[in-house]
Amino acid sequence: MGDSDKRRIKTAVRVFDIVETIREHQGATLTDISKALDIPKSTLHAYLSTLEELEYVDRTDDEYDLALRFFDLGSYTRNRVEMLPHAERVLKELAQECREVTWLAVEDRGEVLYVATEQHSQPAWTRMKVGMRQHMHCSAAGKAILAFLPDERVSDIIDQHGLSQNTERTITDQDELHEELSRVQEHGYAVNKQETAEGIHAIGAPVLVNGTVFGAVTVSGPANRLNVDTPREEIVRLVSGASDEIGLNIKHG
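Since the model is a prediction, treat every value here as computed from it, not as a measurement.

(A) Examining the sheet that holds strand β6 (residues 133-135) more closely. Strand order in the open sheet formed by 6 strands is β6-β5-β4-β9-β8-β7, and the pairing between neighbours is antiparallel. Each end of this open sheet is capped by a strand with a single partner; those strands are β6 and β7 (190-193). The average angle at which neighbouring strand axes cross in this sheet is 30°, direction not considered. With 10 bridges joining them, strand β8 (residues 200-209) and strand β9 (residues 212-222) adopt antiparallel strand pairing. The partner of G204 across the bridge, within β9, is T218.

Laid out in structure tokens, this is it:
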């Protein structure tokens, strides 16, 4: 047992397992949560009653859902992202110019975390939303960030999360990934060729300030509309321009 395992308090771990399970189910019954976590209903009921009393969980009939108290916590953590105030206008303009969905992403604990989005119109093809996470090796944002992280950090991320395969196009070989990251460094942008989900392409560029990568800007869309094998020069220029502008805003803001 490692030191981190020894320091864990089982009760705290169980509370957050319950919260995550409710979120994943988008509302869940006592039975749903009990089956998912293998917790006796009597024990689980005590946890849920406490969370409800503390106003972190709402109960409607036999279903539990996360309460709006989490909205305040989420707003607080979102405001800690340094790029956000420098990026919101730029992201909106990029969505209008590209006529696709745009995203702002950061690296958090070795994963891509999407912290903001703008869309020209309501897309029916994406289930992504702000707060979602993805593995870095298969997303345009992740590769754009990885390419400009120190080699030691890249190795740590691979060791921690591995190179899981989402689709048949996902890069799962370390040597191939490093070759891809070298191309990103050379060209200044990354692509996602249906590597996270079938039928979806993306183009991403890193946000750099004095050589340090703060995150990435991406444009994503259906593969039949957003060609990344021979990406439109205009799209690449717009994405790269947006990431450069955000970097300058941070530097001089």
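Text resumes after the structure shown.
(B) Here's a closer look at the side chain of T21. Note that T21 resides in helix α2 (residues 10-25). Residue T21 is classed as buried on the basis of its relative accessible area of 5%. Of the polar contacts made by the side chain of T21, one reaches the backbone oxygen of D17; its length is 2.8 Å. Residue contacts for T21: discarding those within four places in its chain leaves I33, A36 and L37.

(C) Broad picture of the packing of aromatic side chains. What the rule picks out here adds up to 2 aromatic pairs. Measuring from ring centre to ring centre gives 5.3 Å for Y56 and F70, while their planes differ by 65°; the resulting arrangement is edge-to-face. With Y56 in the loop between α4 (41-53) and β2 (57-60) and F70 in helix α5 (residues 69-78), this residue pair connects regions lying 14 residues apart in the sequence. On the basis of relative accessibility, which here comes to 25%, the residue F70 falls in the partly exposed class. Ring geometry for W103 and Y114: centres 5.4 Å apart, planes at 70°, overall edge-to-face. Of this pair, W103 sits in strand β4 (residues 101-108) while Y114 sits in strand β5 (residues 111-119), and the two are 11 residues apart along the sequence. The burial state of W103 is the same as that of Y114; both residues are buried. Sitting over the face of the ring of Y56, R69 holds its NZ or CZ atom 5.4 Å from the ring centroid.

(D) The pairing of β7, seen in detail. Bridge analysis of β7 against β8 gives 4 bridges, and the strand direction is antiparallel. When the sheet's bridge partners are listed, V191 is paired in β8 with I203. What sits between the antiparallel neighbours β7 and β8 is a turn of 6 residues, in which Q194 has the positive phi angle 55°.

(E) View of the confidence of the model for the protein chain. Mean pLDDT over the protein chain works out to 90, with 93% of the residues at or above the 70 mark. When mean pLDDT is taken per element in the protein chain, helix α7 (residues 140-146) scores highest with 98 and helix α1 (residues 3-7) scores lowest with 55.

(F) Representation of the sheet that holds strand β3 (residues 63-66) in the model. Overall, antiparallel pairing links the 3 strands, which are arranged β1-β3-β2 in an open sheet. Two strands bound the open sheet, and with one partner strand each, they are β1 (28-29) and β2. Note that β1 and β3 share 2 bridges and pair antiparallel. Residue pairing across strands places T29 opposite E63, the latter belonging to β3. Together, β1, β2 and β3 form the strand contacts of α2, whose direction differs from that of β3 by roughly 100°.

(G) The arrangement of the nonpolar core in detail. If you look at the biggest cluster of nonpolar residues, it comprises 28 residues, and the most contacted ones within it are M83, L94, L104, V115, V217 and I246. Residue assignment for this core shows that the elements contributing at least two residues are α6 (84-98), β4, β5, β8, β9 and α10 (233-252). Not counting the four nearest positions on each side in its chain, M83 is found in contact with L104, A105, V106, V207, F214, G215, I246 and I250. By size, the runner-up hydrophobic cluster in this structure holds 23 residues, among which are Y114, L146, A147 and A190.

(H) Representation of unusual backbone geometry in the model. Located in the positive-phi region is R99, a residue other than glycine, with phi close to 60°. Mapped onto the elements of the fold, R99 is located in the loop between α6 and β4. Residue R109 is not a glycine yet carries a positive backbone phi of 55°. Among the structural elements, R109 can be located in the loop between β4 and β5.

(I) Seen up close, the pattern of salt bridges. Counted by the stated rule, this structure contains 15 salt bridges. Linking E93 and R89 is a salt bridge whose minimum nitrogen-to-oxygen distance equals 3.2 Å. Taken together, the positions of E93 and R89, both in helix α6 and 4 residues apart, correspond to about one turn of that helix. One network of salt bridges, with partners in common, ties together D108, R109, E111 and R133.

What counts and what doesn't
Residues numbered from 1 in each chain as written. Predicted model: local features only at pLDDT ≥ 70, side-chain atom pairs only at ≥ 80, totals over all residues. Heavy atoms only, no water. Pairing = 2+ DSSP bridges. Helix = DSSP H or I, 4+ residues; strand = E, 2+ residues; numbered from the N terminus. Axes fitted to C-alpha atoms, helices over the stretch in contact; angles between N-to-C directions. Buried < 20%, exposed > 50% of the residue type's maximum accessible area, 1.4 Å probe, protein only. Polar contact = N/O pair within 3.5 Å; in protein donor to acceptor, adjacent residues only side chain to side chain. Contact = heavy atoms within 4.5 Å. Phe/Tyr/Trp six-rings, centres within 6.5 Å; stacked < 30°, edge-to-face > 60°. Lys NZ or Arg CZ within 6 Å of the ring centre and 35° of its normal. pLDDT = per-residue confidence, 0-100. Core = buried A, V, L, I, M, F, W, Y, C linked by side-chain atoms within 4.5 Å. Salt bridge = Lys/Arg side-chain N within 4 Å of Asp/Glu carboxyl O.

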